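Take a look at the letters that make up each chain.
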Amino acid sequence: MKFVPKPVPEGINTTKVSHLREFIVLSFGLILLLTITVILLSLLTDQLVRYIPVKTEYKLFSFTHAIARPSQDPGSAQSRVEQYLSKLIDRLQKGRQGDKQPFTVAVMDDPMPNAFALPGGHIVVTSSLFRHIQSENGLAMVLGHEMGHQYARHPLRSMGRGVVVLLAIAVFTGTDGSEMIKSMVDSTVELGLLKFDRDQERAADDTAVSLLQRVYGHAGGADEFFQSIQKLEVKTGKNPLPGFMKTHPTTQERINHLQAIVDRTGKAKLVELPDFVKNY
Amino acid sequence: MVQIGIFIVLLLLGYGFGRWTEYRHYQQLLIRERDSLPLPVTNLKTPPHGNFHKAYLVSGNVVVSVDYFKRILAALRNVFGGRVVSYETLLDRARREAILRMKEQAVQSGADMIYNIRVETASISKTSSRRDSVGAVEILAYGTALVESK
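All of these numbers come straight from a predicted model, not from anything done at the bench. (Residues numbered from 1 in each chain as written. Chains lettered and ligands numbered in written order. Predicted model: local features only at pLDDT ≥ 70, side-chain atom pairs only at ≥ 80, totals over all residues.)

K.L.:
Provide a residue-level description of the overall build of chain B, including the pertinent values.
P.N.:
Across its full length, chain B holds three helices and three strands. Ordered by position in the sequence, the α and β elements of chain B form the string α-β-α-α-β-β. Counting the 150 residues in chain B, one finds 19% classified as buried. Taking contacts inside chain B between residues at least 6 apart in sequence as the whole, the part at least 24 apart equals 83%. (Helix = DSSP H or I, 4+ residues; strand = E, 2+ residues; numbered from the N terminus. Buried ≥ 20, exposed ≤ 12 C-beta atoms within 10 Å, placed from the backbone. Contact = placed C-beta atoms within 7 Å.)

Structure below.
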């Protein structure tokens, strides 16, 4: 047997393609894949939101953002009111059957009487709200209403697709994504996009009324805030509520609904609001 | 933004340098392979018939690592599957270089042929500690060199 020197032909073990072209094709493919995923996720948002565990929601929204920052000074008047509010929330929560959720409450200086719930159990009450409420029951109704939104996860649902997409990004990239979410919440709230529909408002009202009944034994004071708002409406000729509480059921409709409940369950003596809250 | 900038710069650097060195290496490989062609090399297990008076081990090894561009390209391939072309040329070059080094060693020491050549690969990477640590592959070619008695 004779050894015959022969060169091995070129290109047997390598594929002759341009690496740059391959790179461009693959990265566009990946971008396309991600885009499709994001689109699918955002289409399925409403179905997916309810599967986000409460714990995850609280973790994602654990920050207190610019719009809902409780006072850092424990001696201040704001802090005193906030402590009072969170005690009231705790009492209301005791009246709830089923799962309990932790809430944080912040008072915001604003000329509009208002209250709203943000994802992660943050409840914000504006300072002028206290001038439109006479009793603790009335205040409990407002707080209970916001708690009702949170129990039904309305804020998260209202934030909607942004949250699902961000959550997906956070899961895939391994970051906690809280910075992105923080800026998103702030811009959503500023634009007044966090709105609830008619059914959601009514459900929150009903939750609040049932909490009132359990804690005080009657639903008296439930319509207090809305009565006061209606007076303001008559005076100024328009609904003074901005974004969050501007409701689809008109104020009159809600008052009628609530009054019917109050009439049915009977009204007893209302609890006075403490002076430091009334004068805040 | 800065991170994206760094990423693109690394990608371009990796692509530029990678392509340039690959081109030069292939040119060099072709010449050296042609020069070492007359040395018979087989992977037979038994020594061929002949009047040989000396036998010894010859070996050549190469350690290669990937450039940034190739690694990203391979990672993209990981998503879709298929031929990892960016690693193909890399390993092809390394294998040929290792065999060439072995042959050149044999020629230098006056051998007339190499039999029973083997090629082995070992990966050197700190996979346990961090995911994106630099990975490298060692390719070792070894065989038994024979010297004919004249």
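There's plenty left to go through after this.
K.L.:
Please set out the overall build of chain A residue by residue, giving values where relevant.
P.N.:
When you go through chain A residue by residue, the secondary structure sums to twelve helices and three strands. When the 280 residues of chain A are sorted by exposure, 30% land in the buried category. Restricting the contact set of chain A to residue pairs at least 6 apart, pairs at least 24 apart contribute 73%.

K.L.:
Got a sec to walk through the interface of chain B and chain A? Specific residues and values, please.
P.N.:
On the chain A side, the residues contacting the 17 residues of chain B number 15 residues. Counting only elements with at least two residues in the side of chain B that touches chain A, the list comes to α1 (2–35), α2 (68–80) and α3 (85–108) of chain B. Split by residue class, the side of chain B that touches chain A holds nine nonpolar, two polar and six charged. (Nonpolar A, V, L, I, M, F, W, Y, C, P; charged D, E, K, R; others polar.)

K.L.:
Outline the sheet that holds strand β2 (residues 115–118) of chain A, supporting the account with residue identities and numerical values.
P.N.:
Residue and element names in this part refer to chain A. Read across the sheet, three strands follow the order β1-β3-β2 without closing on themselves; strand pairing throughout is mixed. The strands lining the two open edges of the sheet, one partner per strand, are β1 (104–108) and β2. In this sheet, neighbouring strand axes are inclined to one another by 20° on average, regardless of whether the strands run parallel or antiparallel. Pairing of β1 with strand β3 (residues 122–126) involves five bridges; the strand directions are parallel. (Pairing = 2+ DSSP bridges. Axes fitted to C-alpha atoms, helices over the stretch in contact; angles between N-to-C directions.)

K.L.:
Residue-level account of the packing of α2 of chain B against α3 of chain B, with values.
P.N.:
All names here are of chain B. The contact between α2 and α3 brings their axes to 8 Å, and the two run at 130°. Taken together, α2 and α3 sit at an angle that is classed as oblique. Contact residues: Lys70, Leu73 and Ala74 in α2; Ser86, Tyr87 and Leu90 in α3. In the contact of α2 with α3, the residues fall into four nonpolar, one polar and one charged. (Parallel < 35°, antiparallel > 145°, perpendicular 65-115°, else oblique.)

K.L.:
Would you mind going over the sheet that holds strand β2 (residues 113–124) of chain B in detail, with residue names and values included?
P.N.:
Residues and elements named next belong to chain B. Strand order in the open sheet made by the three strands is β1-β3-β2, with antiparallel pairing throughout. In this open sheet, the two strands that pair with only one neighbour each are β1 (52–65) and β2. The sheet shows a mean angle of 15° between the axes of neighbouring strands, direction not considered. Alignment of β2 against strand β3 (residues 136–148), held across ten bridges, turns out to be antiparallel. Counted as the bridge partner of methionine 113 is leucine 146 from β3. The strands that α3 touches are β1, β2 and β3; relative to β1, the one it contacts most, it runs at about 150°.

K.L.:
Requested: an account of α1 of chain B, with residues and values cited.
P.N.:
For α1 of chain B, with 34 residues, the first-to-last C-alpha span of 49 Å sits near the 50 Å given by 1.5 Å per residue. Little of α1 of chain B sits out of view: just one of its 34 residues are buried. (Expected span 1.5 Å × (residues − 1).)

K.L.:
For the nonpolar core, give the residues involved together with the corresponding values.
P.N.:
Among the nonpolar cores identified, the biggest contains 38 residues, and Ile123, Val125, Leu143 and Leu212 of chain A are the most heavily contacted of them. When neighbours within four sequence positions are excluded, valine 125 of chain A is seen to be in contact with Leu85, Val105, Val107 and Ala115 of chain A. (Core = buried A, V, L, I, M, F, W, Y, C linked by C-beta atoms within 7 Å.)

K.L.:
Describe unusual backbone geometry, with residues and values.
P.N.:
The backbone phi angle of arginine 153 of chain A is positive, close to 60°, even though this residue is not glycine. Take arginine 153 of chain A: it is sitting in the loop between α5 (136–151) and α6 (154–159). What makes arginine 153 of chain A partly exposed here is the crowd of 16 C-beta atoms within 10 Å. Here asparagine 116 of chain B, not a glycine, exhibits a phi torsion of approximately 55°, which is positive. For asparagine 116 of chain B, a count of 14 C-beta atoms within 10 Å gives the class partly exposed.

K.L.:
Can you lay out the environment of arginine 157 of chain A for me, pointing to particular residues and giving the numbers?
P.N.:
All names here are of chain A. With respect to the helices and strands, arginine 157 occurs in helix α6. Between the alpha carbons of arginine 157 and threonine 45 there is a distance of 8.2 Å; along the sequence they are 112 residues apart. If we skip the residues at most four places from it in the chain, arginine 157 touches Asp46 and Val49.

K.L.:
I'd like a rundown of α2 of chain B, residues and numbers included.
P.N.:
Residue and element names in this part refer to chain B. Here α2 contains 13 residues, and its C-alpha end-to-end distance of 19 Å stays within 8% of the 18 Å for a straight helix at 1.5 Å per residue. Residues of α2 that are buried: Phe69, Lys70, Ile72 and Leu73. The buried residues of α2 occupy an angular sector of 165° when the element is viewed end-on, so they sit on one face. Among the residues trailing α2, glycine 81 stands out with phi positive, at a value near 80°. (Arc of directions from axis to C-beta.)

So yeah, pure geometry; function would need other evidence.
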